[in-house]
Amino acid sequence: MARGRVLRLFIGNMASGKTRHLLTEIDTLRKYGNKKIAVFKPRTDTRSGMNCIKSRRGDEDAAEEILATHPHELWPLLRSKEAAAGCRFQVIAFDEIQFFPRNSGFFQLVKSLLEDGYDVLASGLAFDFRGEPFGSTPDLAMLAEDRCMWMTAYCTRCGSRALYPQRIIDGVPAHYNSPQILVGGDETYEPRCDDHFTLPGRPLAGYDDPSPQIRIWPQPTEAI
Ligand SMILES: [Zn+2]
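Residues numbered from 1 in each chain as written. Predicted model: local features only at pLDDT ≥ 70, side-chain atom pairs only at ≥ 80, totals over all residues. Heavy atoms only, no water.

1. Here's the deal with the sheet that holds strand β12 (residues 172-173)
Read from one edge of the open sheet, 3 strands run β12-β11-β13, paired in antiparallel fashion. Every other strand in the sheet has two partners, leaving β12 and β13 (189-192) as the edge strands with one partner each. The pairing of strand β11 (residues 164-169) with β12 spans 2 bridges and is antiparallel. In the sheet register, Ile168 faces β12, and the bridge partner there is Pro173. (Pairing = 2+ DSSP bridges. Helix = DSSP H or I, 4+ residues; strand = E, 2+ residues; numbered from the N terminus.)

2. Considerations on the packing of helix α3 (residues 106-115) against helix α4 (residues 137-144)
In the contact formed by α3 and α4, the axes pass within 9 Å of each other and the chain directions differ by 30 degrees. Regarding the angle of α3 to α4, the classification is roughly parallel. Handedness of the crossing formed by α3 with α4: right-handed. Across the interface between the two elements, Phe106, Phe107, Val110, Lys111 and Leu114 from α3 touch Asp139, Leu140 and Leu143 from α4. A breakdown of the residues in the contact of α3 with α4 according to their chemical character gives 6 nonpolar, no polar and 2 charged. (Axes fitted to C-alpha atoms, helices over the stretch in contact; angles between N-to-C directions. Parallel < 35°, antiparallel > 145°, perpendicular 65-115°, else oblique. Left-handed = near helix turned anticlockwise from the far one by under 90°. Contact = heavy atoms within 4.5 Å. Nonpolar A, V, L, I, M, F, W, Y, C, P; charged D, E, K, R; others polar.)

In structure tokens, the structure reads:
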């Protein structure tokens, strides 16, 4: 199997420049690397407008939308783009990869693209509004190894490094039980640091967790 192509990933919080870096990379590869690049994004993301990805600074690029729960529909789109261009593309780029669920097959799709000889560029949110790993981003980060770049955002309250997107509904922090995906802009989310990230209703991690992934035995007699 012809493995060995390059996966590069830009991940981090909102407002960290992920999409801007992705667009800069696409632009550089096109202009100076003479690469043919096809850009895709999940259909869940409606903020950038139809069929384009856009950074906060206003840079944008055309992007084909594929169903977040069925990313393999990329293949016929890619083949028809290549047929129309009369040549094979060298690079496939994705924005907002967190919206591809872990069970959607996106990880396997990216592996297939790499095995098929394409380089892959991608950007996505690392954590969701609960401060938990988001969709396919962590899986791809493992695949990208040391070519995964963490982008830094800064807390809107104190200016410290901000890892988490704080979801705000009607002026107050959203409850832990609200849905994982709620597409919104700056009116709904802002980057926050550990000290200023607030999540009402977050279950306390510990020995009372009804479904712990790792059970420790014997259990300690005193709460830690
Ligand atoms: Zn802060």
